[in-house]
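# Topology and contacts: notes
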Amino acid sequence: MPLAGGTDLLPNMKRRQQVPRTLLSLRNIDSLRAIQFGDSGARLGACLTLSDIASDPRFRNGATALIQAAASVATPHIRNMATLGGNLCLDTRCNYYDQNYEWRKAINFCMKKDGVTCWVAPSSPKCMAVSSTDTAPALMALGARVRLVSESGERVIALADLYNNDGMIYLHRKPDEILSEVVLDSLHAWRSTYWKLRRRGSFDFPVLSVAAAIRLGRSQIVEDARIVIGSAASRPLVAGEAAAFLIGRALTDEAILEVAAFAARIAKPLDNTDFDMSWRKKVTTEFVTYALRELRGDDVAIERAAITRMPAI
Ligand SMILES: Cc1cc2nc3c(=O)[nH]c(=O)nc-3n(C[C@H](O)[C@H](O)[C@H](O)COP(=O)(O)OP(=O)(O)OC[C@H]3O[C@@H](n4cnc5c(N)ncnc54)[C@H](O)[C@@H]3O)c2cc1C
Ligand code: SF4
């Protein structure tokens with residue numbers, strides 16, 4: 001398995017959740033740490049650390065959601081090691097899986113590793129562990145693409161197409177492919193934001209998140225919009241119909257409430273992470289509302305600090 005910062009893979013190996021026979025370190029490949037900005041957009045090497053990204057002022061404005069997401073991952077020490085590529089390829093999480101070996105053995109393991117039953121939904125043929133990456137929903141809302149490179153060639157795909165709604169086979173990445181870079185088109189005239197629900201404000205994985213990006217035209221009419229819901233399934237979910245509803249409209253209170261209810265319909269959290277699942281679904285509506293109000297220009301700093309425990313950026 002590729003090893004980047006190792007901040008997720010190495011703890012998982014200690015718990016025997018992942019047992020690769022061979023690790024391939026990406027650390028000393030300089031080109032994976034390159035960053036390029038131009039008029040047409042940006043290219044971010046997969047081994048840039050989350051600290052590199054969170055502290056780079058060039059991501060403000062259009063790509064604010066990316067800075068907010070990167071800055072909300074784990075702790076400062078971990079962000080100094082953790083990479084963008086590792087965050088995008090992060091293993092899915094579940095209360096029955098993110099436990100030590102003895103704990104998992106005591107329940108006869110589960111389908112994702114060493115067992116046969118899914119303890120969340122025993123009749124389910126597939127694992128429903130939760131996508132828990134912060135930067136993926138943010139980058140999907142920004143329309144990012146990713147480059148996958150292997151000995152036999154390379155391909156660039158929409159980041160949204162990297163993900164599969166299956167807790168075990170959660171990436172459409174071939175085993176010999178390395179995610180080498182993230183490609184962003186120009187975000188001129190775009191505004192974006194990221195809202196994350198977690199128990200501990202100092203550090204914690206997301207258990208629900210919303211990333212939203214809009215491009216406003218004359219008279220504050222929405223010309224383009226993207227809304228992505230994270231940590232509510234085994235992949236980040238694109239609320240495509242809800243975003244399409246916004247296009248050609250002004251961000252009025254009525255439009256925002258309607259879109260928020262629309263977007264939340266696709267979020268169907270299960271009882272396998274922190275917090276009550278029905279409450280997480282209700283928070284989806286609230287987060288879309290706050291995100292769109294923030295993008296409209298409302299001051300929602302108090303709500304952001306109180307609910308997401310994320311500082312304004
Ligand atoms: C205490 C703690 C708190 C955390 N909190 C959060 C959080 O709030 N939000 C969050 O999103 N994450 C969190 N994490 C998880 C982790 O720190 C981050 O997701 C981090 O960005 C992972 O990056 P990494 O470089 O360390 O990945 P690694 O651990 O090196 O790798 C992670 C996975 O990605 C694969 N991989 C890595 N790079 C590539 C590449 N270029 N191409 C293909 N595959 C690749 C690896 O094979 C592995 O499967 C937390 C971890 C800890 C220990
Ligand atoms: S969703 Fe089911 S199979 Fe997947 S990790 Fe959780 S208990 Fe295991």
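Not measured: the values here are computed from a predicted model.

### Let's talk about the site of ligand 2
The immediate surroundings of ligand 2 are formed by Cys94, Tyr96, Tyr97, Cys110, Met111, Lys112, Cys118, Trp119, Val120, Cys127, Met128 and Ala129. Split into classes, the residues belonging to the shell around ligand 2 amount to 11 nonpolar, no polar and 1 charged.

### Comments concerning the site of ligand 1
Lining the immediate environment of ligand 1, one finds 34 residues, of which Pro2, Gly5, Thr7, Thr83 and Asp134 sit closest. In the model, a nitrogen atom of ligand 1 is placed 2.9 Å from a nitrogen or oxygen of the leucine 179 main chain. Starting from 970 Å² of accessible surface for ligand 1 in isolation, the protein chains cover 93%. Elements represented by at least two residues in the shell around ligand 1 include exactly strand S1 (2–3), helix H5 (84–88) and strand S7 (178–185). With 3 residues, H5 is the single largest residue contributor to the shell around ligand 1.

### Observations concerning a nonpolar patch on the surface
Together, Met1, Leu10 and Leu23 make up an exposed nonpolar region whose accessible area comes to about 230 Å². In this structure, leucine 10 sits in helix H1 (residues 9–14).

### Concerning helix H10 (residues 277–296)
Counted at 1.5 Å a residue, the expected span for H10 with its 20 residues is 28 Å, and the 29 Å between its end C-alpha atoms agrees. Looking only at H10, the buried set comprises Arg280, Val283, Thr284, Phe287, Val288, Thr289, Tyr290, Ala291, Leu292 and Leu295. The inward-facing, buried residues of H10 contact strand S8 (190–197), strand S9 (208–216), strand S10 (222–230), helix H8 (240–246), helix H9 (253–264) and helix H11 (301–308). Backbone geometry just downstream of H10 places glycine 297 in the positive-phi region, at approximately 115 degrees.

### A word on the packing of H10 against H11
Close contact between H10 and H11 brings their axes to 11 Å; oriented N to C, the two are set at 145 degrees. Of the two elements, H10 crosses H11, and the hand of that crossing is left-handed. Where H10 approaches H11, its residues Phe287, Tyr290, Arg293 and Glu294 are matched on the opposing element by Glu303, Arg304, Ile307 and Thr308. Counted by class, the contact of H10 with H11 contains 3 nonpolar, 1 polar and 4 charged residues.

### Topic: the pairing of strand S5 (residues 145–150)
Along a regular strand, successive side chains alternate from one face of the sheet to the other. Bridge count between S5 and strand S6 (residues 153–158): 6 bridges; the pairing is antiparallel. Pairing of arginine 147 across the sheet is with valine 156, part of S6. The loop that links S5 with its antiparallel partner S6 comprises 2 residues. Where S5 and S7 come together, 5 bridges link them in antiparallel fashion. The partner of valine 146 across the bridge, within S7, is valine 182.

### A look at the nonpolar core
Leu44, Leu88, Leu139 and Leu159 are the most contacted members of the largest nonpolar core, which has 43 residues in total. In this structure, Trp195, Leu208, Ala225 and Leu246 belong to the second largest nonpolar core, which totals 34 residues.

### Some words on the sheet that holds S10
The 4 strands lie next to each other as S8-S9-S10-S11, forming an open sheet whose pairing is antiparallel. This sheet does not close on itself; its edge strands, each paired only once, are S8 and strand S11 (237–238). Relative to S10, S9 runs antiparallel, the two sharing 8 bridges. The residue of S10 that forms the bridge with alanine 211 is valine 228. Across the face of the sheet, H10 comes into contact with S8, S9 and S10 while running at roughly 150 degrees to S8.

### Concerning the sheet that holds S7
Pairing is antiparallel in the open sheet, where 5 strands are placed in the order S3-S4-S7-S5-S6. Only two strands of the sheet have a single partner each, and these edge strands are strand S3 (35–38) and S6. Each strand of the sheet is rotated relative to its neighbour by a mean of 15 degrees, with strand direction disregarded.

Thresholds, definitions, all that
Residues numbered from 1 in each chain as written. Chains lettered and ligands numbered in written order. Predicted model: local features only at pLDDT ≥ 70, side-chain atom pairs only at ≥ 80, totals over all residues. Heavy atoms only, no water. Near = heavy atom within 4 Å. Nonpolar A, V, L, I, M, F, W, Y, C, P; charged D, E, K, R; others polar. Polar contact = N/O pair within 3.5 Å; in protein donor to acceptor, adjacent residues only side chain to side chain. Areas by Shrake-Rupley, 256 points an atom, 1.4 Å probe, with all protein chains shown as cover. Helix = DSSP H or I, 4+ residues; strand = E, 2+ residues; numbered from the N terminus. Patch = residues over 30% accessible without salt bridge, like charges linked within 9 Å, V, L, I, M, F, W, Y side chains within 5 Å. Salt bridge = Lys/Arg side-chain N within 4 Å of Asp/Glu carboxyl O. Expected span 1.5 Å × (residues − 1). Buried < 20%, exposed > 50% of the residue type's maximum accessible area, 1.4 Å probe, protein only. Contact = heavy atoms within 4.5 Å. Axes fitted to C-alpha atoms, helices over the stretch in contact; angles between N-to-C directions. Left-handed = near helix turned anticlockwise from the far one by under 90°. Pairing = 2+ DSSP bridges. Core = buried A, V, L, I, M, F, W, Y, C linked by side-chain atoms within 4.5 Å.

Distances and angles like these do not, on their own, reveal function.
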